[in-house]
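Coordinates in review
Here is what each chain is made of, one letter per residue.
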Amino acid sequence: MGSRGAFDEIWGHGGPDAPRAEFSTLSQWIADTPADELQRRQQSAEAAFRQLGITFAVYGDSDAAERIIPFDIVPRIFLQREWQKLSEGLVQRVEAINAFLEDIYGARRILDEGIIPPELILRNEQFRPEVAGIRPPHGVWAHICGIDLVRTGPDEFYVLEDNARTPSGVSYMLENREAMIRLCPELFRDFRVAPVDSYPDMLLETMRSVAPSGRARPVCVVLTPGHFNSAYYEHSFLADSMGVELVEAADLVVDDDIVYMETIAGRVRVDVIYRRIDDDFLDPLVFKPDSLLGVPGLIAAYRAGNVALLNAPGNGIADDKAIYSYMPEIVRFYSGGEARLPNVETWRCREPQALKYVLDHLPELVVKLVDGSGGYGMLVGPTASSEQIETFRAALIAEPHRYIAQPTLALSTVPTLTEKGLAPRHVDFRPFVLTGSDKVRVVPGGLTRVALREGSLVVNSSQGGGTKDSFVLLGDAA
Amino acid sequence: MMMLSRTAAALYWLGRYVERADFIARLVEATIRLDALSARPAGEAAWQSALAVSYTDEAFAATGHPAVQAHVARFLTLDASHPGSIIRCLEMARNNARAVRTALTREAWTAINRAWWLFANRASTGGATETLNLVEQIKGETRGFEGATHRMMRNEATLLIQLGAAVERADNTARLVDVKYHLLLPAGESVGGAVDRDQWTTILQTVSAVTAYRWLYSEGLRPDNVIDLLVSRSELPRSLAACVEETVTLLSQLAKRTGLQGEADRMARARLARCQKARTPDIIVGGLHEYLETFITENALLDSAIARQFRFL
Amino acid sequence: MRIAVEHRSVYRFTQPQARIVQMLRLTPCDTQHQTVVSWMVGVDCDARLRDATDGYGNAVTMLYAEGPIEAIEVVVTGEVLTTDNAGVLRGTPEPLPPALFLRSTPRTAPSAALAAFAADVSAGTTDPIERLHRLNQALHARFRCVPDVPDNGLTAAQAFAGKAEASRDVAQMFVSAARTLEAPARYVSGYHLDGTQQCAPHAWCEAWIDGLGWVAFDPVTGLSPADGYVRVAVGLDSEGAAAVAGHRIGHGEEQLAVDLHVDRLGNEE
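Computed from a predicted structure; not experimentally measured.

**With respect to the overall build of chain B**
A tally of helices and strands in chain B yields 14 helices and zero strands. Relative to its length of 313 residues, chain B is compact, with a C-alpha radius of gyration of 19 Å against a globular reference of 20 Å. The principal-axis extent of the C-alpha atoms belonging to chain B is close to 60 × 50 × 35 Å. The buried share of chain B, reckoned over its 313 residues, is 58%. Sequence-distant contacts, at least 24 apart, represent 67% of the contacts inside chain B between residues at least 6 apart.

**Notes on the nonpolar core**
Across soluble globular proteins, nonpolar side chains have a tendency to be buried as a group. Of all hydrophobic cores here, the largest spans 103 residues; its most connected members are B:Leu14, B:Leu104, B:Leu230 and B:Ile306. Among the elements that make up this core, the one with the highest residue count is helix α1 (residues 5-37) of chain B (15 residues). Shared between two domains, this core takes at least three residues from each, and those domains are domain 1 (1-152) and domain 2 (154-313) of chain B. Once residues within four sequence positions are removed from consideration, B:Leu230 is found in contact with B:Thr173, B:Val177, B:Ile203, B:Leu204, B:Val207, B:Leu236, B:Ser239 and B:Leu240. Formed by 96 residues, the second largest nonpolar core is a distinct cluster that contains A:Ala322, A:Tyr324, C:Met23 and C:Trp204.

**A word on the pattern of salt bridges**
Residue and element names in this part refer to chain A. By the definition in use, this model includes 68 salt bridges over all chains. The closest approach of N and O atoms between Glu 9 and Arg 151, which form a salt bridge, is 3.3 Å. Of the two residues, Glu 9 is situated in the segment before α1 (24-32) and Arg 151 in strand β4 (residues 144-153); the sequence distance between them amounts to 142 residues. Arg 151 sits in the buried class, given a relative accessible area of 1%. In this structure, a network of salt bridges that share partners links the residues Glu 9, Arg 20, Arg 76, Glu 82 and Arg 151.

**Topic: the side chain of B:Ser54**
Here B:Ser54 is to be found in the loop between α2 (44-53) and α3 (57-61). Once residues lying within four places of it in the same chain are set aside, the contact partners of B:Ser54 are B:Leu27 and B:Leu76.

**Section: the pairing of strand β18 (residues 421-430) of chain A**
Residues and elements named next belong to chain A. Of all the ten residues making up β18, eight are buried; the element is thus mostly covered by neighbouring parts of the structure. Of the pairings in the sheet, the one linking strand β17 (residues 413-418) to β18 comprises six bridges and is antiparallel in character. Residue pairing in the sheet places Val 414 in a bridge with Arg 425 of β18. In this antiparallel pair of consecutive strands, β17 and β18, the connection spans two residues. In terms of strand pairing, β18 meets strand β21 (residues 447-451) through four bridges, oriented antiparallel. Bridged to Val 427 within β21 is Val 450.

**Thoughts on the sheet that holds strand β13 (residues 347-348) of chain A**
All names here are of chain A. Here four strands make up an open sheet; going across it, the order is β13-β16-β14-β15 and the pairing antiparallel. The open sheet terminates on both sides in strands that have one partner only, identified here as β13 and β15 (378-380). Taken together, the three bridges between strand β14 (residues 365-369) and β15 define a ladder with antiparallel strand orientation. In the sheet register, Val 366 faces β15, and the bridge partner there is Val 380.

**What to know about the interface of chain C and chain A**
The extent of an interface is frequently quoted as the accessible surface area lost upon association of the parts. Contact with chain C, which involves 26 residues of that partner, is made by 24 residues of chain A. Considering only the side of chain C, the residues that lose the most area to chain A are C:Tyr64, C:Arg103 and C:His247, jointly responsible for 25% of the buried surface there. Our enumeration of links across chain C and chain A arrives at four salt bridges. Note that C:Arg48 is salt-bridged to A:Asp255, the shortest N-O span being 2.8 Å. Put simply, chain C and chain A have ten residue pairs in polar contact (both at pLDDT 80 or more) between them. Put simply, the parts of the chain that give the side of chain C that touches chain A at least two residues each are β1 (2-27), β3 (47-53), β4 (59-82) and β9 (244-249) of chain C. Of the residues assigned to the side of chain C that touches chain A, the class counts are 13 nonpolar, five polar and eight charged.

**Let's talk about the environment of B:Ile32**
All names here are of chain B. Tracing the backbone through its elements, the reader meets Ile 32 in helix α1. Here Ile 32 falls in the buried class, since its relative accessible area comes to 0%. In sequence terms Ile 32 and Thr 129 are 97 residues apart; their C-alpha atoms lie 9.2 Å from each other.

**Topic: the packing of aromatic side chains**
Under the definition given, this model contains 27 aromatic pairs over all chains. Summarising the aromatic geometry, the rings of B:Trp116 and B:Trp117 are spaced 5.6 Å apart at their centres and angled 80 degrees between planes, so their arrangement reads as edge-to-face. Accessibility expressed as a relative area gives 11% for B:Trp116, which makes it buried. Where C:Tyr56 meets C:Phe101, the ring centres are 6.2 Å apart and the plane angle is 50 degrees; that geometry is what we call tilted.

**Considerations on the domain arrangement of chain B**
Residues and elements named next belong to chain B. When cut into domains, chain B gives domain 1 (1-152) and domain 2 (154-313). Relative to domain 2, the C-alpha centre of domain 1 lies at a distance of 20 Å. The partner domain 2 presents 36 residues to the 37 residues of domain 1 that form the contact. Surface buried jointly by domain 1 and domain 2 totals about 3300 Å² across both partners, of which 60% is contributed by carbon and sulfur atoms. Area buried by domain 1 at its contact with domain 2 is led by Tyr 12, Glu 19 and Tyr 55, which between them contribute 19% of it.

**Description of the sheet that holds strand β6 (residues 220-223) of chain A**
Two pairing modes exist for strands in a sheet, parallel and antiparallel, and in both the strands are linked by backbone hydrogen bonds. Residues and elements named next belong to chain A. The four strands lie next to each other as β7-β6-β11-β12, forming an open sheet whose pairing is parallel. Each having just a single partner strand, β7 (245-247) and β12 (308-310) make up the two edges of the open sheet. Between one strand and the next, the sheet's axes are offset by a mean angle of 25 degrees, whatever the strand orientation. Note: β6 against β7, three bridges, orientation parallel. In the sheet register, Val 222 faces β7, and the bridge partner there is Leu 246. Running over the sheet, helix α9 (residues 232-242) touches β6, β7 and β11 (272-275) and is turned about 150 degrees from β7.

**What to know about the packing of helix α3 (residues 80-104) of chain A against helix α12 (residues 327-335) of chain A**
All names here are of chain A. Contact geometry for α3 and α12: axes closest at 9 Å, N-to-C directions at 80 degrees. Classified by the angle their axes make, α3 and α12 are roughly perpendicular. Between α3 and α12, the contacting residues are Gln 92, Arg 93, Ala 96, Ile 97, Ala 99, Phe 100 and Asp 103 on the first element and Met 327, Ile 330, Val 331, Phe 333, Tyr 334 and Ser 335 on the second. Looking at the contact of α3 with α12 residue by residue, the class counts come to nine nonpolar, two polar and two charged.

**Overview of helix α12 (residues 240-258) of chain B**
Residue and element names in this part refer to chain B. In this model α12 runs 27 Å from its N-terminal to its C-terminal C-alpha over 19 residues, within 8% of the 27 Å that 1.5 Å per residue would give. Within the span of α12, buried status applies to Leu 240, Ala 241, Ala 242, Cys 243, Val 244, Thr 247, Val 248, Leu 250, Leu 251, Leu 254, Ala 255 and Thr 258. Tucked inside the fold, the buried residues of α12 contact α8 (156-184), α11 (223-232), α13 (263-277) and α14 (280-309). Directly beyond the C-terminal end of α12, a positive phi value near 75 degrees is found at Gly 259.

Basis of the calculations
- Residues numbered from 1 in each chain as written.
- Chains lettered and ligands numbered in written order.
- Predicted model: local features only at pLDDT ≥ 70, side-chain atom pairs only at ≥ 80, totals over all residues.
- Heavy atoms only, no water.
- Helix = DSSP H or I, 4+ residues; strand = E, 2+ residues; numbered from the N terminus.
- Rg over C-alpha atoms; globule rule 2.2 N^0.38 Å.
- Buried < 20%, exposed > 50% of the residue type's maximum accessible area, 1.4 Å probe, protein only.
- Contact = heavy atoms within 4.5 Å.
- Core = buried A, V, L, I, M, F, W, Y, C linked by side-chain atoms within 4.5 Å.
- Domains from an automatic or database assignment.
- Salt bridge = Lys/Arg side-chain N within 4 Å of Asp/Glu carboxyl O.
- Pairing = 2+ DSSP bridges.
- Buried area = accessible area lost by both parts, 1.4 Å probe.
- Polar contact = N/O pair within 3.5 Å; in protein donor to acceptor, adjacent residues only side chain to side chain.
- Nonpolar A, V, L, I, M, F, W, Y, C, P; charged D, E, K, R; others polar.
- Phe/Tyr/Trp six-rings, centres within 6.5 Å; stacked < 30°, edge-to-face > 60°.
- Axes fitted to C-alpha atoms, helices over the stretch in contact; angles between N-to-C directions.
- Parallel < 35°, antiparallel > 145°, perpendicular 65-115°, else oblique.
- Expected span 1.5 Å × (residues − 1).

What follows is the structure, encoded as structure tokens:
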């Protein structure tokens, strides 16, 4: 699928010569800055990232293959009114996610009311009976959410995926902004851009707000799987910018249901853990018994209310693919209103009517395995051969409950620097939403991922995706 | 906030591994000069002793190769199959540095990272000149790291790196003197006998002491003076006396910052008192080998005491 | 029936351990057919014990001990009054819905052979109780269990293909097979008064039957447990209901010796 017909966020549908009215100034900047000057600035940004070691390791590659994620110098811009609308939708969605988790690990009202088929939760591996009945300190489950959005028109945003476990990418948001301020200072003169550099402070406030009660000066830490992890840079960056310790599992001990870290002066009590390791590896007594990464007794301390874990274990049930299609119902159930940010339309093939529609429209649809990942078990109708379509037709008829289907979306584009000058490239967007005991905070910015290959819709960094800075303007024109 | 025990251990070992990499680089350099570049090549004996000094003689014997420059130089620099090579030391240093990145300055980290990258895609050392070039680069990076450490805040992190380096340096120098001395003066020969200039110069080169020797001793190259310089003269940074002093200073600075004082401080101070009393002629008469052997054992005990005192995991 | 339990587990280490953290599922709870008169979990060294309830409703005890530890002995002693309920459970803590127990785990994933066996023995009837009783009896007929042996990590499928040794293996087979028949089923660990010398807790199963509730089955006897059983913990499989989940910091090997006595007290019925 090409970029034809896609909505460009700066140029609209008219191309470089007829930008959207609100974006004439920015469009002028793009037109006035020579491409080789943009190229020079972009290379300078990437050189800085490499020096800092903002790299990611591709699985299976050795250290020699530590790579940086390509950076694009042309920013992506949200007007204040666009952002206002988006934030309201994000807050509503994250509040619903928290309410859903509280319910599903507690009273399970949503199952009793028949909103979601119970087996979809109860037989789902992401539902963790080990933590059922635990109420996290202050009742917050999804403290740090990354909500992946796509856009198809001026006012059309859709949620593609929720990330309620350990969403990453926030360090790119911050480092990209640093680079832009250094390399394109004129943009910050011309536009009033909402700052993002308060993110570490907001995160620390969020962490402190959920500390177990009675701890006057809570000790917060970031828990990393270690420096071989592909997101280690982000872990150390966040710990460093919050001024808290970056710990590994071996640094933590649990005694008498209380978590401590081992320091040169002895044990120091830990109250809040921003953990960047998966549930499976948190505590070998409760989850994977052979895990060497875990902290034995951590879940007991958590259950006793003596430590806050960000995000709460068991959150995977909220961002599971099988649950995604129920998010509009989930939002309605807990907020009482319609979702302000819609889902991508999804047909659940387990439902006979939906299955019929899907079978009749296979060449137009994307069909996904509910329990598949990484693009496996996926049919992209418009580009598939008739043979592939027939294979999927048979699979759908045999096991309809394992599949969902979605329309192929015309993702928006943003002008991007390419070898042949500026050209539209497809983008998605991950804003970050923080939930503390006091309030929900939406950082005015986020991570824009861009598919650098012409026409490509794949924004994953492992498959040639890059990033852009995302400006949120304090006014309504760019 | 008190430092994590793991961080403390990683910093200390970072200091040790960088120092060890630097020492092996010097050892290889001096041995090449002795063997390949001198008028009378010292041959296999020189390379055998280099292996013995770096505790790698057994590992090398297992490879079945003859102890000649081509094999030993590669073994001590690029061979990742045993822990005694420069590449492995740098790899360990880099791993430790990565694990504590937030405690290092960017300058200190890049020095380690660059040193490691020098090796990352190299398969062979090439001839004597290429090896000397490589070794020179390593020395440049380790010097760069040392400089960066000196420019870091004088906090626990810096002190622990320097403590690791001091403990490692003490072991390296003691081992160098012990092995070389035995080799050069077989039983029965007196210390004042005729000396092999090249051989003794090698020792001085390995610890960067050629100029210092000329400044301190006027009578030309004499074994007892070399021993005196390397064991007792604290003016020479790589002498045992200097390492012993530095260890005491670093531990007491750490105590001031962390409030942690204990067994390691007591051991280090006792060692300093003994070293200050000992005179070189007495050491030689009493048996240099025994003296150095005891020193190495005590140094290892001090290392364990440090690990306990700072609760390394 | 009045049942006395004395269960000693001695862990010996070939090298001293720096720390030990264990999660013990060794405490029964009151139900309509089981009243805990007295119960104690004790340790022979300096340790901190903390009681809690896990996600399945089991009473758990966290044990924290600082080293150096060369051996540690965990002693459980208690008395329980039981009544015969023909296997039908009432008054058990049920924090999770029965449908959860349709979930498969690595230890209970059925093999084709085990699923075929379940289909085979239950053929010809649609009555869920009848089907589960037949499964229970068929497993009893097919496997002769020796007194219980320590956990060897065998899965239900592996045990079914070979020679099942312990009650753990047949219980896990029952759980796995019952789920293939769409009956929610769970693994139970506890104590069984059977007059034999045992070296591990006994294992049996419970299955959910609509209209009746949770019903217990013991494929070792082929019957539903009567008043000779002390029910301690439930889980999705033997790992989830294990009496001890442990973690130690230290080198060397671990040896476990168990001394277990389940006795009947008095003569009152």
